[in-house]
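# Summary of the model geometry
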Protein chains: 2
Amino acid sequence: MPWEKSFDVDLATDRATEVFWKKGYEATSMADLTAAMRINKGSLYNAFGSKKALFDRALTRYDQKTRAAKINQLRAQNDGVAAIYAFFDGFVEEARKDPRNLGCFVVNTAQDLPNQPPEIAQTIHSALEDIKEFFREMIEKGQQAGDIPNTVRPEETAQAMLSMLVGLRLLSRGSAGIPALEAIRDGAMRLLKG
Amino acid sequence: MPWEKSFDVDLATDRATEVFWKKGYEATSMADLTAAMRINKGSLYNAFGSKKALFDRALTRYDQKTRAAKINQLRAQNDGVAAIYAFFDGFVEEARKDPRNLGCFVVNTAQDLPNQPPEIAQTIHSALEDIKEFFREMIEKGQQAGDIPNTVRPEETAQAMLSMLVGLRLLSRGSAGIPALEAIRDGAMRLLKG
DNA sequence: CGCTGTTTGTACCAACCGGTATAATCAATT
DNA sequence: AATTGATTATACCGGTTGGTACAAACAGCG
């Protein structure tokens, strides 16, 4: 068997992610993708199959590399309150560093859910559920440590925090400045005060 | 001068809004629009000028008819806490009644801000600012009535509530069920407890 | 070298894109 | 009935859409 691959598939996927992330699925053309990925049209279809398949792959990879990795890292922490703060503050920091105001690829796609196929909907649903679950676990951990009063209902509060996070990420796309995002982060923490 | 108009421009605009609302600007074609508006291509360009101009008009009209109208109605209320609750609960009700899960046209467009022209960005910015201002006023009104403790900072809390609202509206697009939306609404009210 | 499989460039496809043009039809005022 | 302007249907424009086809160049293995 001769030489089995030349370009880096993951690198090409990450470059495709950048375009989908900013413009969304429909507004991104195959010409946009081949230019950004720096591979030929033929190679793209050979390696990924279709635009939809590439989008699916890009979204899943983004979700794994960013959201899932972060959550699994913070889950290990024993201070629940600190873990939640770090999670929110990380996104404020991301917004501070990103001059392009891309926000969150997952949230962007969640906004477009009614126009997405079931596989994508499933990916989004799992991601959001996992975030909520993370919040719930950290709240319960904080309660066991005595940092969070027992009057705070874990499930409902986790859901409310997820909503704040989604809002923060959407407003990061050019609708809010850094001070506003910090106010959102601090507001989320106030939900833990009972 | 002969008969000055035949079709109802506002009605046609509302029909265009439905399509833009669901699919977004890019994914909506002129064919989609003429079909939904039930007017001819020629009439559309004669009456609205371009796709962009139609979108702008549809968005502005939607914002006036729904968000602005609701806020101005609730502003008159003398119970600040009740006004905020009614505002949130109205969107939960809207989600309950809408089988298509359209969410909010303004929030959808805010998500797409990096790809929108300055006029649209301005409209979105004004709308979000007005909502935040509404929250701030109602918080201050609640504090004067003694319903909200003075430890609650009006501006920061209003910003946090705006984020929860944006999250609620985005999650209404198929990512969350009614109970989850109710938890978000109740979580927002907890921000007023100090 | 010869075989294999990838990459690349290019050409091509039918379909659609936003937008324009035109001629016929239509309704209401004069 | 004549005039006026909006509405309609249809055809058309150049450009782009996602996707396919194909030959040439390429790189590794036997």
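Below: a short report on this structure.

About the thresholds
Residues numbered from 1 in each chain as written. Chains lettered and ligands numbered in written order. Predicted model: local features only at pLDDT ≥ 70, side-chain atom pairs only at ≥ 80, totals over all residues. Heavy atoms only, no water. Least-squares fit on C-alpha atoms with pLDDT ≥ 70 in both. Contact = heavy atoms within 4.5 Å. 1 Å grid on protein atoms, 1.4 Å probe; cavity = no way out; pocket = protein on both sides within 12 Å on 5 of 7 lines; lining within 4 Å. Points joined across faces, edges and corners; volume = space filled by probe spheres on them. Helix = DSSP H or I, 4+ residues; strand = E, 2+ residues; numbered from the N terminus. Nonpolar A, V, L, I, M, F, W, Y, C, P; charged D, E, K, R; others polar. Buried area = accessible area lost by both parts, 1.4 Å probe. Salt bridge = Lys/Arg side-chain N within 4 Å of Asp/Glu carboxyl O. Polar contact = N/O pair within 3.5 Å; in protein donor to acceptor, adjacent residues only side chain to side chain. Core = buried A, V, L, I, M, F, W, Y, C linked by side-chain atoms within 4.5 Å. Buried < 20%, exposed > 50% of the residue type's maximum accessible area, 1.4 Å probe, protein only. Expected span 1.5 Å × (residues − 1).

## Topic: the relation of the copies chain B and chain A
In screw terms, the move from chain B to chain A is a rotation of 180 degrees and a rise of 0.0 Å along the axis, fitting with an RMSD of 0.0 Å. Both copies of the chain, as the preceding transformation shows, are related through a two-fold rotation axis. A share of 100% of the interface residues of chain B reappears at the interface of chain A, consistent with the copies meeting face to face through the same patch.

## Topic: the layout of surface pockets
Where empty space is left can be seen by rolling a probe of water-molecule size over the atoms. In this structure, the largest pocket spans a volume of roughly 770 Å³. For the lining of the largest pocket, the elements supplying multiple residues, two or more each, are helix H1 (9-23), helix H4 (51-75), helix H6 (105-111) and helix H7 (118-144) of chain A together with helix H1 (9-23), helix H4 (51-75), helix H6 (105-111) and helix H7 (118-144) of chain B. Class assignment for the residues of the lining of the largest pocket results in 18 nonpolar, twelve polar and 16 charged.

## Points about the interface of chain B and chain A
On the side of chain A, 36 residues touch chain B, which itself brings 36 residues to the contact. Summed over both sides, the interface of chain B with chain A buries roughly 3100 Å², with 62% coming from carbon and sulfur. The interface formed by chain B and chain A includes zero salt bridges. Scanning the region where chain B abuts chain A turns up twelve residue pairs in polar contact (both at pLDDT 80 or more).

## Quick word on the side chain of Asn108(A)
Structurally, Asn108(A) can be placed in helix H6. Here the side chain of Asn108(A) touches Trp21(A) through a polar contact of 3.2 Å, landing on its backbone oxygen. Excluding residues within four positions of it along the chain, Asn108(A) makes contact with Trp21(A), Leu102(A), Arg173(A) and Gln111(B).

## Structural notes on the nonpolar core
One finds Phe135(A) and Phe135(B) to be the most contacted residues of the largest nonpolar core, which totals 124 residues. Sequence-distant contacts of Phe135(B), defined by excluding residues within four places in its chain, comprise Ile84(B), Phe87(B), Phe88(B), Ala158(B), Met161(B), Leu162(B) and Leu165(B).

## Regarding the pattern of salt bridges
Residues and elements named next belong to chain A. Counted by the stated rule, this structure contains 40 salt bridges over all chains. Residue Asp14 is joined to Arg61 by a salt bridge in which the shortest nitrogen-to-oxygen separation is 2.8 Å. Placement of the pair is Asp14 in helix H1 and Arg61 in helix H4, with a sequence separation of 47 residues. Among the residues examined, Asp14 registers a relative accessible area of 23% and is labelled partly exposed. The exposure class of Arg61 is partly exposed, given its relative accessible area of 22%. The partner of Glu133 in a salt bridge is Arg136, with the nearest N and O atoms 2.8 Å apart. Here Arg136 and Glu133 lie together in helix H7, a separation of three residues that amounts to about one turn. Overall, Glu133 belongs to the partly exposed group, its relative accessible area being 27%.

## So, H1(A)
Residue and element names in this part refer to chain A. Its 15 residues place the ends of H1 21 Å apart at the C-alpha level, agreeing with the 21 Å of an ideal helix rising 1.5 Å per residue. Where H1 is concerned, the buried positions are Val9, Ala12, Thr13, Ala16, Thr17, Val19, Phe20 and Trp21. Buried residues along H1 sit against helix H2 (30-37), helix H3 (41-48), H4, helix H5 (80-97) and H6. The backbone nitrogen of Asp10 lies 2.9 Å from a side-chain oxygen of the residue at the head of H1, namely Asp8.

## A look at the side chain of Thr109(A)
Among the secondary structure elements, Thr109(A) is positioned in helix H6. Within the structure, Thr109(A) has its side chain in polar contact with the backbone oxygen of Phe105(A) (distance 2.8 Å).

## Concerning the environment of Asp130(A)
With respect to the element layout, Asp130(A) can be found in helix H7. Dropping the residues within four chain positions of it, Asp130(A) is found in contact with Arg67(A), Ile71(A) and Arg75(A).

Everything listed is a geometric property; what it means functionally is a separate question.
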